[in-house]
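The chain contents come next:
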Amino acid sequence: MNEELRILYNKELVKLAEKDPRIMVLDADLMKAHRTDIFKEKFPDRYIDVGVAEANMVGIAAGLSNMGKIPFVHSFTPFATRRTYDQLAISVGLANLPVKVVGSDPGVMAELNGQTHMSFEDAGIMRNLPRFIVIEPVDFIQLKKLLPQIIEYQGPSYLRLNRKEKRVFFSENDNFEIGKIFEVKDGKDFTIITSGIMLYEVKKVVDMLESEGYSIRVLNMHTLKPVDEESIVKAAKETGKIFVVENHSIINGWGSAVAEVVSEHYPVFVKRIGIRDHYGFVGKADYLMKKFKIDSQSIYESIKEGLA
Amino acid sequence: MDKATEIYLKKKAVRVRQNILREIGTLGVGHIGGSMSIVEALVVLYYKVMKIDPKNPNWEDRDRLVLSKGHAGPALYAIFADIGYIPEEYLDTLNQPETKLPSHCDRLVTPGVDMTSGSLGQGLSAAIGMAIAAKLDKKDINVYCILGDGELQEGQVWEALLFGGNKRLDNLIVFIDYNKMQIDAPIKELNDLEPLEEKLKAFKWHTQSIDGHDINQIYEAIKRAKENKEQSSVIILNTIKGKGAYFAEGKLSCHNMKVSKEEWQKAHQLLEEEVKKYE
């Protein structure tokens, strides 16, 4: 696939919007960054750019959805979540309105925009809000299959979108369901649970470890909330140790969610591999992944340590 | 407005005030100040202006109201009980366990509440979204939004005013309940809004500033606002906080105050005498 996720996402949204007149798109002066101009061109009446005013954007989306629309609102992850948190909690969550929040450039993928535009806590704080579901797709195929389910879900959602992603991991035959962990591969010695772009790093790590003779179960947890307790407990029972790898803070993210489930239902060793209580920094993704120790080599070492 | 209608609405305003006293008096504490100051505007809207169906609070084609100053919920509930959206007995349950009448408006809890509100500053954005949606669907629906004056200190309100002024939504009418007091101090001492009307004009709104307790002025202002098809409209209601409750009226302490049984029943009785003047 040659096109970036942001382009494929908008084209897909246009397709869905052709069949569903409720779908609208809002942006806050980042139309070109999100390529929501693709939607605007097709449905100018159903597109609103509010300017640099994310709180107002979320409020307007709440009003639109209160009248039967399904608005998708866009910004970089910190502005889509942190800046608008009380608006999301009250005007959207408490009011139970189906506003679909899209946060772009998750974690280190904010790259050269650096610390101000980088959030390691967005998925965690959105997980805290009742009624919100939280989803992070790996690639376009996964996104394409989850998008209609997000629209169908009659409450609010948060989607973490790596807008410039071009890589494809899954095949068209793979099927995904909100709230259901996808088993990438089975294995019996231990489990790695991961999400989003980290799956590509995990794939490298698995190759390294399997050449050493380990049998590893790899689970893709594209839905942070609702948590698929069943698959997590099953992995704990069948493989013992669990490693969770995320492009997010280890506080309140995927690792926390897995640890909570395991500690309540079937305690096994859980190691969280992610950003360790840090603000962001400026740099290309490969540099930042090394800096924050979520590149394949660091993950490999971290897992070896956990296995010892 | 003809004389008979005017008297009808004035009597309704008294009844609504009595209901507010009953709600807050039964509980013994509540947001009396901002509930009392907005009574006439709500009465003109619900009994004269807004397209609603008392039998069906969820009627799809109804006009909408966003009470952004959600702490004035008791004023809204007082009307809902009178028009039949909710049973009258609900008025004795304000903020009691499992109540249908929470201190701040919740669209999932109280029939007739069009939008959840009360975290100040958020209502106007939602009202703008609702007005845009009505236009997109080519529906003849007007959206009304009531802001508190203290609430205007929230940044999001000015984001929304900037956007709403530029969008020129002729189906949106905003009221500012300008009772000139907030919790900690008079507005002008804490963080002054003046010159308020000039600011709103500069944001491209059609503005009017009127006596917020004058039924006729409110009605005429809404008419003028509707006639203006070029702009979004805002009406500044010059009001008195706590209006109609002798123990609260004009007092800084009345934002959220304790109310004794004697106080509310005496205030209730005084209003009963006022209503006799219209008979």
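Quick look at the structure, then.

Reading the values: rules and limits
Residues numbered from 1 in each chain as written. Chains lettered and ligands numbered in written order. Predicted model: local features only at pLDDT ≥ 70, side-chain atom pairs only at ≥ 80, totals over all residues. Heavy atoms only, no water. Axes fitted to C-alpha atoms, helices over the stretch in contact; angles between N-to-C directions. Helix = DSSP H or I, 4+ residues; strand = E, 2+ residues; numbered from the N terminus. Parallel < 35°, antiparallel > 145°, perpendicular 65-115°, else oblique. Left-handed = near helix turned anticlockwise from the far one by under 90°. Contact = heavy atoms within 4.5 Å. Nonpolar A, V, L, I, M, F, W, Y, C, P; charged D, E, K, R; others polar. Salt bridge = Lys/Arg side-chain N within 4 Å of Asp/Glu carboxyl O. Buried < 20%, exposed > 50% of the residue type's maximum accessible area, 1.4 Å probe, protein only. Phe/Tyr/Trp six-rings, centres within 6.5 Å; stacked < 30°, edge-to-face > 60°. Lys NZ or Arg CZ within 6 Å of the ring centre and 35° of its normal. Buried area = accessible area lost by both parts, 1.4 Å probe. Polar contact = N/O pair within 3.5 Å; in protein donor to acceptor, adjacent residues only side chain to side chain.

## Description of the packing of helix α1 (residues 3-27) of chain B against helix α4 (residues 73-83) of chain B
Residue and element names in this part refer to chain B.
- One way to put it is that α1 packs onto α4 with a least axis distance of 8 Å and a crossing angle of 115°. By the criterion of interaxial angle, the relationship of α1 to α4 is roughly perpendicular. Here the hand of the crossing between α1 and α4 comes out right-handed. In this structure, α1 contributes Lys12, Val16, Asn19, Ile20, Glu23 and Ile24 to the contact, and α4 contributes Pro74, Ala75, Tyr77, Ala78, Ile79 and Asp82.
- Residues belonging to the contact of α1 with α4 are distributed by class as follows: eight nonpolar, one polar and three charged.

## Concerning the packing of α1 of chain B against helix α10 (residues 261-276) of chain B
Residues and elements named next belong to chain B.
- Axis separation between α1 and α10 bottoms out at 10 Å; the angle between their running directions is 170°. Between α1 and α10, the angle is such that the two are roughly antiparallel. Here α1 contributes Lys11, Val14, Arg15, Arg17, Gln18, Leu21, Arg22, Gly25 and Thr26 to the contact with α10, which in turn contributes Trp264, Ala267, His268, Leu271, Glu272, Glu274 and Val275.
- For the contact of α1 with α10, the residue count by class is six nonpolar, four polar and six charged.

## Brief notes about the pattern of salt bridges
All names here are of chain A.
- In total, this model carries 39 salt bridges over all chains according to the counting rule given.
- The closest approach of N and O atoms between Glu136 and Arg160, which form a salt bridge, is 2.9 Å. In this pair, Glu136 is assigned in the loop between β5 (133-135) and α8 (140-152) and Arg160 in strand β6 (residues 157-161), connecting sequence segments 24 residues apart.
- Taking the relative accessible area as the measure of exposure, Arg160 reaches 1% and is therefore buried.
- Its salt-bridge partner being Asp228, residue Lys180 comes within 3.3 Å of it at the nearest N-O pair. Here the residue Lys180 occupies a position in the loop between β6 and β7 (182-185), and Asp228 occupies one in the loop between β10 (223-225) and α10 (229-239), the gap between them amounting to 48 residues.
- Among the charged side chains, a network of salt bridges with common partners joins Asp186, Arg217, Lys234 and Glu238.

## Comments concerning the packing of aromatic side chains
- By the definition in use, this model includes 17 aromatic pairs over all chains.
- Clustering of aromatic rings is evident, with ring pairs tying together Phe169, Phe170, Phe176, Phe182 and Tyr200 of chain A.
- Cation over ring: Lys241 of chain A sits above Phe269 of chain A, and NZ or CZ is 5.1 Å from the ring centre.
- Here Lys266 of chain B stacks its cationic end above the ring of Tyr246 of chain B, 4.6 Å away from the centre of that ring.

## Here we look at the interface of chain B and chain A
- Listed as interface residues are 24 residues of chain B and, on the opposing side, 26 residues of chain A.
- In total, about 2,000 Å² of surface goes out of reach between chain B and chain A, with carbon and sulfur atoms giving 61% of it.
- By the criterion of area lost to chain A, the three top residues of chain B are Gln122, Leu136 and Phe163 of chain B, representing 24% of everything that side buries.
- Taken together, chain B and chain A are joined by one salt bridge.
- Residue Asp137 of chain B is joined to Lys69 of chain A by a salt bridge in which the shortest nitrogen-to-oxygen separation is 2.5 Å.
- Joining chain B to chain A, the criterion identifies eleven residue pairs in polar contact (both at pLDDT 80 or more).
- Those elements that provide at least two residues to the side of chain B that touches chain A are α5 (123-136) and α6 (155-167) of chain B.

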